[in-house]
Amino acid sequence: MAGKGVFKEILDGDVFKYYVDGEWRRSCSGQFINVQNPSTRKPMFRVQACTQDEVNRCIDSAKAAQKIWARTPLWKRAEALHRCAAIMKEQKAPIADCLVKEVAKALKDAVVEVVRSGDLLSYTAEEGIRILSEGKFLVSDPFPGNERNKYCLSSKIPLGVILAIPPFNYPVNLAVSKMGPALIAGNAVVLKPPTQGAVSCLHMVHTFHLAGFPKGLISAVTGKGADIGDFLTMHPGINCISFTGGCETGIAISKKAGMIPLQMELGGKDSCIILEDADLELAATNIIKGGFSYSGQRCTAVKVVLAMECIADQLVCKVNAKLAKLTIGMPEDDCDITPVISETSANFIEGLVHDARHKGARLHQEWRREGNLIWPILIDHVRPDMRIAWEEPFGPILPVIRIKTVEEGIHHCNANNFALQGCIFTRSFDKAIMISDAMESGTIQINSAPGRGPDHFPFQGLRDSGVGSQGITNSINMMCKIKSTVMNFPAATYTMG
Ligand SMILES: NC(=O)c1ccc[n+]([C@@H]2O[C@H](COP(=O)([O-])OP(=O)(O)OC[C@H]3O[C@@H](n4cnc5c(N)ncnc54)[C@H](O)[C@@H]3O)[C@@H](O)[C@H]2O)c1
């Protein structure tokens, strides 16, 4: 399906082009990057290996187009996003098909990702209309020593060119969640897709092309990290970086970037604390959904269960019963557990399991792996000296730590460098709020698994899990600067009359 019909112009032979100046082009490097199918472990697609000159061209065009876009009335910018949202949803099938083939996402989830991205754009258009039309009016006399002889009008202005870098696991949604807010606020966007997920991103960008955004305003540049990674993030033409990905990459980019606003959404090790009074059926259902959806490859996956000892056996029994019902296989067949993104990732997950087993953890299911497909495992009686207690596996394995006191659970959650989300299961509202206050993470869910959505909720990590806050409103605000105009009068304005 990819490259056919409406998308044929993004393909050159069997290589996908990159997007600049409102056109799909081949790179003059003559080199390509293979995108593997995680299920078959064979090359699936090829994308251009763009050069630094081509990156410069993208940024120059973006700068020029942004100047005109910033003067385009807000309602017209909103209309363009609504048009794009409609096209994206109409074209969900070919985009979802790419997600299945390059990130091994189950087809039904791939379709949800595209539709959710269209909805995100529509909401962004409406939210932008509301919040960007508002400014502030201040007078000078409340501040000591001043008369009322100055009026200050402040409003939001765009930053310029936003560099958007999404990760492989939600390449479409996490690109759109950066592009929509950037565009409604009057910015241009340079998108650097992840290698796995690049072709889904390019298809998604084509829906912006079809929606008629001005030439140059959006570009999508694919390439080798070594050639264009640092070049992009350290480029003086970039005015803001919105990045989602691993901690190591994010922290390295933050250190290299110049004095520009950064939005960093990094890894997580979301703790799930289960109290003795919890609804264990609800908790088990959420542990399965939170821990194993998309084979655990979600920043907000439940990544460690901290269960009170007195209910742990009962909980584990319920989780195991539900885990046994998960279907394991290929994304095309809509299986619950599908191959993880790469062999490197599968080897890493295997290393975590072996470390836990050697140190005495109990595996409730047998270790089984075929290629990148890993059968789900609940790893019980995990202790703090095991790697799995602290590291983010990004795979279908879930540790359970049995705790004697709730303080022990809170301590484990707060002792981790990651602090994205967490969750608590209890029937006591008072306890839920007190524990939520004590857990130092970006978001705490009460009686539900961690999750990013709905997409207009604030979304942020503390400590190594990130900088800044996403969510539609926060992203729009983050991609603007405040500008003030101060009217100075020769005398205080209340002296007349
Ligand atoms: N907090 C969140 O919102 C969130 C959401 C999804 C995923 N994640 C995290 O993302 C990670 C998985 O994604 P991944 O494996 O794609 O992460 P990654 O860090 O390997 O890559 C993320 C993106 O950065 C790009 N990149 C890598 N090196 C670069 C460089 N030097 N310069 C510029 N770009 C560079 C990659 O091509 C990719 O597009 C997990 O840790 C997960 O928790 C976080």
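Since the structure is predicted, the reported quantities are computational estimates derived from the model, not experimental observations.

Asks: Explain the overall build of the chain to me, please; I cannot follow it from the model alone.
Replies: Helix and strand counts for the chain stand at 14 helices and 26 strands. In summary, the chain has a C-alpha radius of gyration of 24 Å against a globular reference of 23 Å for 497 residues, a match within 12%. On the principal axes, the C-alpha backbone points of the chain span a range of 80 × 65 × 40 Å. Here the chain holds 497 residues, and 58% of them are scored as buried. Long-range contacts, defined as pairs at least 24 residues apart, comprise 71% of the intrachain contacts of the chain with a sequence gap of at least 6. For the chain, the accessible area works out to roughly 20,100 Å², and carbon and sulfur atoms hold 55% of it. Averaging the positions of the 54 positive and the 51 negative side-chain charges in the chain gives two centres separated by 5 Å.

Asks: Help me out: how do you make sense of a nonpolar patch on the surface in this one?
Replies: On the surface, F137, L153 and M487 cluster together into a nonpolar patch covering about 270 Å² of accessible area. Mapped onto the elements of the fold, M487 is located in strand β26 (residues 480–488).

Asks: What is the right way to read the UniProt feature "domain: Aldehyde dehydrogenase" (unreviewed entry) in the chain from this model?
Replies: The feature "domain: Aldehyde dehydrogenase" (unreviewed entry), as given by UniProt, occupies residues 24–484 in the numbering adopted here. In the segment residues 24–484, helix accounts for 41% and strand for 21%; the C-alpha atoms at its two ends are 40 Å apart.

Asks: How do you make sense of the sheet that holds strand β20 (residues 397–403) when you look at a structure like this?
Replies: Whenever strands of a sheet pair, they do so through backbone hydrogen bonds, lying parallel or antiparallel. Across the sheet, seven strands lie side by side as β16-β19-β20-β15-β14-β22-β23; this open sheet has mixed pairing. Strand pairing shows two members of the sheet lacking a second neighbour, β16 (362–363) and β23 (443–446), which therefore form its edges. The sheet strands contacting helix α10 (residues 309–323) are β14 (270–274), β15 (302–308), β19 (377–380) and β20, and the helix crosses β15 at an angle near 140°.

Asks: Explanation requested: the packing of helix α5 (residues 173–184) against helix α6 (residues 198–210) in the structure shown.
Replies: One can describe the packing of α5 onto α6 by two numbers: an axis separation of 11 Å at closest approach and a directional angle of 25°. On the basis of their axis angle, the class for α5 and α6 is roughly parallel. For the element pair α5 and α6, the recorded crossing hand is right-handed. Each of A175, V176, M179 and L183 in α5 lies in contact with α6, whose residues at this interface are C201, M204, V205 and F208. For the contact of α5 with α6, the per-class residue count stands at eight nonpolar, no polar and no charged.

Asks: Explanation requested: the site of the ligand in the structure shown.
Replies: In the vicinity of the ligand there are 28 residues, among which P166, K192, T249, L266 and E392 approach most closely. Within the backbone of P166, one N or O atom sits 2.8 Å away from an oxygen atom of the ligand. One nitrogen or oxygen atom from the main chain of G246 is found 2.8 Å from an oxygen atom belonging to the ligand. In isolation the ligand offers 860 Å² of accessible surface; the protein chains occlude 82% of this area.

Asks: Would you mind going over the nonpolar core with me for this structure?
Replies: Burial of nonpolar side chains together is a common tendency in soluble globular proteins. Core analysis: the largest hydrophobic core is formed by 93 residues, its most contacted members being M204, F208 and F213. Per-element tally for this core: the top contributor is helix α2 (residues 74–90), with eight residues. Two domains each put at least three residues into this core: domain 1 (5–266 + 465–482) and domain 2 (271–446). Ignoring any residue separated from it by four or fewer positions in sequence, one finds F213 in contact with W69, A80, L81, C84, L183, F208 and I218. Counting 57 residues, the second largest nonpolar core, distinct from the first, contains A346, A389, C423 and F425.

Asks: Please clarify how helix α13 (residues 429–438) should be interpreted in this entry.
Replies: In an α-helix there are 3.6 residues to a turn, and that puts residues three or four apart on one side. Every buried residue of α13 is listed here: A432, I435 and S436. Summarising the axial view, the buried residues of α13 lie within an arc of 105°, below the 170-degree limit, and thus occupy one face. Turned more than 90 degrees away from the buried face of α13 sit D430, M434 and D437, all of them exposed. Buried residues belonging to α13 abut β14, α12 (406–415), β22 (421–425) and β23.

Asks: Any chance you could explain the sheet that holds strand β7 (residues 136–139) here in plain terms?
Replies: Ordered by their spatial adjacency, three strands build an open sheet running β7-β8-β26, and the pairing between neighbours is antiparallel. Of all the strands in the sheet, just β7 and β26 have a single pairing partner and so form its edges. This sheet shows a mean twist of 25° between the axes of neighbouring strands, independent of strand direction. Across four bridges, β7 lies against strand β8 (residues 150–158) in antiparallel orientation. If you follow L138 over to β8, its bridge partner there is C152.

Reading the values: rules and limits
- Residues numbered from 1 in each chain as written.
- Predicted model: local features only at pLDDT ≥ 70, side-chain atom pairs only at ≥ 80, totals over all residues.
- Heavy atoms only, no water.
- Helix = DSSP H or I, 4+ residues; strand = E, 2+ residues; numbered from the N terminus.
- Rg over C-alpha atoms; globule rule 2.2 N^0.38 Å.
- Buried < 20%, exposed > 50% of the residue type's maximum accessible area, 1.4 Å probe, protein only.
- Contact = heavy atoms within 4.5 Å.
- Areas by Shrake-Rupley, 256 points an atom, 1.4 Å probe, with all protein chains shown as cover.
- Lys, Arg positive; Asp, Glu negative; His and termini not counted.
- Charge placed at Lys NZ, Arg CZ, Asp CG, Glu CD.
- Patch = residues over 30% accessible without salt bridge, like charges linked within 9 Å, V, L, I, M, F, W, Y side chains within 5 Å.
- Salt bridge = Lys/Arg side-chain N within 4 Å of Asp/Glu carboxyl O.
- UniProt positions renumbered as here; feature names shortened; annotations may be inferred.
- Pairing = 2+ DSSP bridges.
- Axes fitted to C-alpha atoms, helices over the stretch in contact; angles between N-to-C directions.
- Parallel < 35°, antiparallel > 145°, perpendicular 65-115°, else oblique.
- Left-handed = near helix turned anticlockwise from the far one by under 90°.
- Nonpolar A, V, L, I, M, F, W, Y, C, P; charged D, E, K, R; others polar.
- Near = heavy atom within 4 Å.
- Polar contact = N/O pair within 3.5 Å; in protein donor to acceptor, adjacent residues only side chain to side chain.
- Core = buried A, V, L, I, M, F, W, Y, C linked by side-chain atoms within 4.5 Å.
- Domains from an automatic or database assignment.
- Arc of directions from axis to C-beta.

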